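Summary of structural features
Listed here are the chains, written in short residue letters.
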Amino acid sequence: MEDFRQAYLRLCKEGGVEPQESVVAQLQESRAAQSSRLDLSGHSLSVDTCSVLATAFQNETSFTEVVLSDCMLSEEGAKVLLTGLFGNTTVKVLDLKGNNLRSTGAEVLGKLLARNKTLHRLVLEWNALGVWDEAFSLFCDGLASNSVLTQLDLRNNQINHHGASELALALKRNTTVQVLDLRWNNIGLLGGRTLLEALQKNHSIVQLEMAGNNIPSDTLRALEQITGHNTDRQSTLRESRSRTQVLSKEIQTLKEEKSRQYLSLMNTIDRQREKMGRSNGLQMTEAALALSEQKNHNMAELLTRVKAEKEEQRERQSRERKKEQEDSAHREGKLLREIQNLTETNAQLMNKVEEKERRCKSQQQQIFELKQELTNSTAELKLQLTQAEDRLEIEKRRSKQALQDMDSLRQKEVEHLNRHLEESERALQERIFKLEGQRIQLEEELSKAKAACVTERAQAEEELGRVRAQVRLEEQEHVSCLGDKLRSVRSNLQEVQLHCSQQKQTISELQAKNSQQGSEISAMRRRTEELQQELSSKDQEKVAEVSRVKVELQEQIGHLQAERTTQGGLKEKICALEREIKVLSGNHREVLLDKESEMASMLEKLRLKEAEIQRMREDEANRASYLQSAILTYVQGSPLGHYSSPKK
């Protein structure tokens, strides 16, 4: 740890780069914890820092896991940093999550996978490797040539069906990747099918995550089934390898024991020979010979036991081979039966496919006829709708013109009646004003005549008083000349009486004139009453005329309302026709959608059946090859093969 930190600081100093405090602190924490994990997640790494780290990674380090998630790496920085890992032999886990790697990053990652020989796990979640198809194809080429990577995380990388096809080609060539995570991309139906075809040839992937890719459920189930088969195959391979290892260990231990026993026997024989050489006595030699014979006998028994054990092992192996032959024959029969069943199911599926194709053709013909009927019905409905709209517009124009004519006539009649009423009112007012003026003049003349009569009566009374006073004075003063003046007085009296009679006559004339004027005033009053009656009759006639006009207007309004109701009925009919047209179009649209969905489902079923037939064919081919290999292994493992091998 300290060496890597010192190397980082030294390289920063040599390159004139300011070391990032966060990187130095993280390196210090890793050194203090004595961890083999370098975690720089969340630290923003510049291009210079990436170049220094790349130079440090080119040397031998003690880090086996490097975490660079969410480091905001630029294209140039990612290129420099990943280039430094080309020749690294210690880093086994690399995490580049959330760095928005694009075309340049995908190309450099492809080169890294092609050149690095120690990286086992690569995390590329939340990047954009699948946006550029050419760059992602280079990444897939590097993955195809890689032989050490076992886990690959490509979640949320915007991989489409083109990228999925490139990845499928890479998986056909790669034999080491066991865990592949492709969740939350945009692979779709076509990409799912290409991956399904690739996994039928790839037997190393045991875990495949495909959620959130708009792939049908049947394709997902097929992918899960294939990964399950791969897991089963891997488990059987591991068990067989463990068994072979155990058997090889047991055989090795047996060989070692036999060699030790043989060496111990030879050592005892040598010791016995030495003892026999040293001893000169016959007894010793006899005893040694007896002992050697006993040992030879023991060795012979041991050899017989070893031979018996070998025979037992050979018999056990022969029994196991027979059992394996029986199992292989049973499996061969089972495979043949399965092949027959598959051929029968294939024939049935082909018949079903032909029947589905015929149904599809008939349904396409029905859909074509329905489309033609729909176009004809829509054209007819559109024609009827245009005709109805034209009739409606004509009726609207007619009703509008009639309403305008009726309004203009009604306005003209009302204006005419108003003018006539105004003229009659003005004439009656003028006549009333004239009569009022005449009445006022007559009242003035009457008041003047009354005043003149009063003044004349007052004057006559004054004159009469003066005359009476004069007479009294003359009678008092001129008592003597009464006789003379009696005649004059009588004559004056007669004159006065005459004058009085004249005055009375004028008064009677004035009274007659006054009565005449009163009769005239009464006549004028009667005339005014007659005029008022005429005016009231005119008013009544006016009211009657107005009521008649109102009745006529109400009748016209009733007619217009009836026409409006008829227009409303026509509108309702038009709305009903439009609704019927909408319902018919909706029904036709629904029928078309149903037919199209049925066609899509049928086509999908046909594609699935074709894929299933292809998969069954490939399974049959794989089984036939597996059967052939089993037969070859059985033939090679038969006793003839064992007997022929020693001769060779």
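Residues numbered from 1 in each chain as written. Predicted model: local features only at pLDDT ≥ 70, side-chain atom pairs only at ≥ 80, totals over all residues. Heavy atoms only, no water.

**Regarding the overall build of the protein chain**
Convention followed: Secondary structure elements are taken from DSSP: a helix is a run of H or I of four residues or more, a strand is a run of E of two residues or more, and numbering for both begins at the N terminus. We compute the radius of gyration over the C-alpha atoms and compare it with the globule rule, which gives 2.2 Å times the number of residues raised to the power 0.38. Throughout, a residue-residue contact means that at least one pair of heavy atoms, one from each residue, lies within 4.5 Å. Only the protein chains shown count as cover for residues, with accessible areas throughout obtained via the Shrake-Rupley method and a probe of 1.4 Å.
Secondary structure assignment for the protein chain yields 12 helices and 7 strands. On C-alpha atoms alone, the protein chain measures out to a radius of gyration of 68 Å, which is more than a quarter above the 26 Å that the 2.2 N^0.38 rule sets for 648 residues. Reported as C-alpha extents along the three principal axes, the dimensions of the protein chain are approximately 260 × 75 × 45 Å. The contacts in the protein chain between residues at least 6 apart in sequence include a share of 84% that link residues at least 24 apart. As presented, the protein chain carries roughly 42500 Å² of accessible surface, and 52% of it is formed by carbon and sulfur atoms.

**A few points about the side chain of R155**
As a reminder, the rule being used: Polar contact is defined as a pair of N or O atoms within 3.5 Å, subject to the rule that within protein one atom must be able to donate a hydrogen and the other to accept it, and that residues adjacent in sequence are counted only when both atoms are side-chain atoms.
Topologically, R155 is positioned in the loop between β5 (151-153) and α7 (161-173). At 2.8 Å, the side chain of R155 and the side chain of E125 are in polar contact.

**Some details on the sheet that holds strand β2 (residues 65-67)**
Selection rule: Any two strands with at least two DSSP bridges between them are considered paired. To obtain each axis, a line is fitted to C-alpha atoms, and for helices this fit is confined to the stretch in contact; angles are then taken between N-to-C directions over 0 to 180 degrees.
Spatially, 7 strands are ordered β1-β2-β3-β4-β5-β6-β7 in an open sheet, and the strand pairing comes out parallel. Single-partner strands in this sheet number two, and they are β1 (37-39) and β7 (207-209). Taken over all neighbouring pairs, the strand axes of this sheet differ in orientation by 0° on average, direction set aside. As paired strands, β5 and strand β6 (residues 179-181) are joined by 3 bridges and run parallel to one another. Paired with D153 across the two strands is D181, which belongs to β6.

**Thoughts on the pattern of salt bridges**
Between side chains of opposite charge, a pair can form when the charged atoms approach closely. In plain terms, the rule: Counted as salt bridges are all cases of a side-chain nitrogen of Lys or Arg within 4 Å of a carboxyl oxygen of Asp or Glu. When accessible area is computed with a 1.4 Å probe and restricted to protein chains, residues below 20% of their type maximum are described as buried, those above 50% as exposed, and intermediate ones as partly exposed.
Overall, the coordinates contain 12 salt bridges when judged by the stated rule. The salt bridge partner of R37 is D39, with a shortest N-O separation of 3.3 Å. Given a relative accessible area of 34%, R37 falls into the partly exposed group. Notably, a salt bridge pairs R359 with E355, separated by 3.0 Å at the nearest N-O pair. In this pair, R359 and E355 both sit in helix α10 (residues 282-477), 4 residues apart, roughly one turn of the helix. The exposure class assigned to R359 is partly exposed, which follows from its relative accessible area of 41%.

**Points about a negative patch on the surface**
Applied cut-off: Any residue with relative accessible area above 30% and no salt bridge may belong to a patch, with like charges joined within 9 Å and the nonpolar Val, Leu, Ile, Met, Phe, Trp and Tyr side chains within 5 Å. Note on charges: Lys and Arg go in the positive column, Asp and Glu in the negative column, and His and the chain ends are not counted at all. By convention, the point assigned to a charge is CZ for Arg, NZ for Lys, CD for Glu and CG for Asp.
Together, E320, E324, E326 and D327 give the surface a local cluster of negative charge. Along the chain, E320 turns up in helix α10.

**What about the environment of Q20?**
Assignment of secondary structure puts Q20 in the loop between α1 (2-15) and α2 (21-33). Residue classification places Q20 among the buried positions, given a relative accessible area of 16%. Leaving out residues up to four positions away in the same chain, Q20 has contacts with Y8, S44, L45, S46 and T49.

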